[in-house]
Amino acid sequence: MTVDDSGTGHDTGNGVGSDGTRRPLVGGLRRLRRSKPRSERYFFLLGLLLIDVCVIGLAGSGRWATFFYAPITAASLLLALRTSEARRRTMRVAWAAAVIAVVASAGVAITGSAHLTGYVYFMLFALLLMSPLAIGRRILMSRQVTLRLLIAAICVYLMIGLLFTFVYLGVDGVHPDFFAQGVQKDPSIYLYFSFITMTTVGFGDFTPGYSVPRVLVVFEAMLGQVFLVTAVARLVSLYSSGGSPAPEPGQGVDDVENDG
């Protein structure tokens, strides 16, 4: 059965379109439903990450602070993996880790245990570790510069800063002399230090106090710059070539246009 729009001459269902090709109604509707939500989820992920940054910066150092941003961080991970179409096994592991992290943060809020707080930070670090890898893979595999791709790159950059924020807080929970300037308990300081390090601004108001923090700082500075060199260079390369490189052998034009 063919459903045609007599007013425009374009095919709106199963049948022959204006270009003489047959386009199934069901397949077209499925592609339409899938394309828009993916873009919206990356916008939503960016919003969650910005909220997470604000909550960490403003929650303070009380026992309830971790419980405020642990669920937001867990939700960011799950949304990032879902948007990047992670495998079911990966999603199951992520859900289990997210539940454990949130429950542990509730335990910190109830008991106020400093050691448990450090473990929660390491769990949040492990949670976020999977997300940039999944999104970064999609960026590197994409063949077309889209708004969704740009938002995904911004999300990865924010995740790197949050990753090292949590690992710094975890290390401080185990050995509370992270900074040479003395003990700092406010998570907002570690958030600030992480993003300042990643962007290589280097104000110098806070510096690592011993070998482990210094090694972590080196890795964050290198990772931040490598991401800019690879991801941004990839986006610039695609943009300069018009965002639509020639299809590879065995790949149709429609596949290139629908990629990304």
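Bear in mind the structure is a predicted one, so any value in this text is a computation, not a measurement. (Residues numbered from 1 in each chain as written. Predicted model: local features only at pLDDT ≥ 70, side-chain atom pairs only at ≥ 80, totals over all residues. Heavy atoms only, no water.)

A. Summary view of the overall build of the protein. Within the protein, the regular secondary structure consists of eight helices and zero strands. Along the protein, helices and strands appear, N-terminal first, in the series α-α-α-α-α-α-α-α. Nonlocal contacts in the protein, meaning residues at least 24 apart in sequence, comprise 67% of its contacts between residues at least 6 apart. Working note: accessible area of the protein is about 14,000 Å², and carbon and sulfur atoms make up 65% of it. (Helix = DSSP H or I, 4+ residues; strand = E, 2+ residues; numbered from the N terminus. Contact = heavy atoms within 4.5 Å. Areas by Shrake-Rupley, 256 points an atom, 1.4 Å probe, with all protein chains shown as cover.)

B. Spotlight on the packing of aromatic side chains. A full pass over the atoms with the stated rule returns 14 aromatic pairs. Ring centres of F178 and Y190 lie 5.7 Å apart, and the angle between their planes is 65 degrees; this geometry places the pair in the edge-to-face category. A residue pair is termed long-range when its members are at least 10 positions apart, and F178 in the loop between α5 (147–174) and α6 (187–198) and Y190 in helix α6 qualify at twelve residues. Taking relative accessible area as the criterion, F178 reaches 1% and is therefore assigned buried. Taking the relative accessible area as the measure of exposure, Y190 reaches 0% and is therefore buried. Three or more aromatic residues joined by ring pairs form one cluster here, namely F164, Y168, F178, F179, Y190, Y192, F193 and F206. (Phe/Tyr/Trp six-rings, centres within 6.5 Å; stacked < 30°, edge-to-face > 60°. Buried < 20%, exposed > 50% of the residue type's maximum accessible area, 1.4 Å probe, protein only.)

C. Representation of a nonpolar patch on the surface. Among the surface-exposed residues, V215, V218, F219 and M222 lie close enough to one another that they form a single nonpolar patch of about 370 Å² accessible area. Among the structural elements, M222 can be located in helix α7 (residues 211–240). Overall, M222 belongs to the partly exposed group, its relative accessible area being 44%. (Patch = residues over 30% accessible without salt bridge, like charges linked within 9 Å, V, L, I, M, F, W, Y side chains within 5 Å. Salt bridge = Lys/Arg side-chain N within 4 Å of Asp/Glu carboxyl O.)

D. Layout of the environment of L77. Along the chain, L77 turns up in helix α2 (residues 65–83). What makes L77 buried here is its relative accessible area of 0%. In the structure, L77 is positioned 32 residues away from L45 in sequence and 8.8 Å away in space, judged by C-alpha atoms. If near-sequence neighbours (up to four positions away) are discounted, L77 is found in contact with A94, L127, M130 and S131.

E. Layout of a positive patch on the surface. Together, R82, R88, R89 and R92 line one region of the surface with positive charge. When residues in the positive patch are grouped by element, the largest group, three residues, is from helix α3 (residues 88–111). Within the secondary structure, R89 sits in helix α3. Looking at R89, the relative accessible area reads 67%, which means it is exposed. (Lys, Arg positive; Asp, Glu negative; His and termini not counted. Charge placed at Lys NZ, Arg CZ, Asp CG, Glu CD.)

F. Quick look at the packing of helix α4 (residues 114–141) against α5. Axis separation between α4 and α5 bottoms out at 8 Å; the angle between their running directions is 160 degrees. Our classification of the angle between α4 and α5 gives roughly antiparallel. For α4 against α5, the interelement crossing comes out left-handed. Of the residues in the contact of α4 with α5, the class split is 21 nonpolar, five polar and two charged. (Axes fitted to C-alpha atoms, helices over the stretch in contact; angles between N-to-C directions. Parallel < 35°, antiparallel > 145°, perpendicular 65-115°, else oblique. Left-handed = near helix turned anticlockwise from the far one by under 90°. Nonpolar A, V, L, I, M, F, W, Y, C, P; charged D, E, K, R; others polar.)

G. Spotlight on the nonpolar core. Counting 64 residues, the largest nonpolar core has L45, L124, I135, F166 and Y168 as its most contacted members. Looking at this core, the elements that each hand over two or more residues are α1 (25–58), α2, α3, α4, α5, α6 and α7. Sorting elements by how many residues they give to this core places α5 first, with 18 residues. In this view, L124 contacts Y69, A70, T73, A101 and F166; residues no more than four positions away in its chain are not counted. (Core = buried A, V, L, I, M, F, W, Y, C linked by side-chain atoms within 4.5 Å.)

H. The packing of α3 against α4, seen in detail. Two elements in contact, α3 and α4, have axes whose closest approach is 9 Å; the angle formed by their N-to-C orientations is 155 degrees. Between α3 and α4, the angle is such that the two are roughly antiparallel. Where α3 crosses over α4, the two elements pack in a sense that is left-handed. On α4, the residues that touch T90, A94, A97, A98, I100, A101, A104, S105, G107, V108 and T111 of α3 are L116, T117, V120, M123, L124, L127 and M130.

I. Spotlight on the environment of A106. Mapped onto the secondary structure, A106 falls in helix α3. A106 sits in the partly exposed class, given a relative accessible area of 24%. It is 9.3 Å that separates the C-alpha atoms of A106 and F68, two residues lying 38 residues apart in sequence.

J. Focus on α6. With twelve residues, α6 ought to run about 16 Å at 1.5 Å a step, and its terminal C-alpha atoms sit 17 Å apart, in line with that. Counting buried residues in α6 gives eleven out of twelve residues, a clear majority hidden from the surface. Of the residues making up α6, those classed as buried are P187, S188, I189, Y190, L191, F193, S194, F195, I196, T197 and M198. Note on α6: the residue one or two positions beyond its end, T200, has a positive phi of about 55 degrees. (Expected span 1.5 Å × (residues − 1).)

Function cannot be inferred from these measures alone, as they are strictly geometric.
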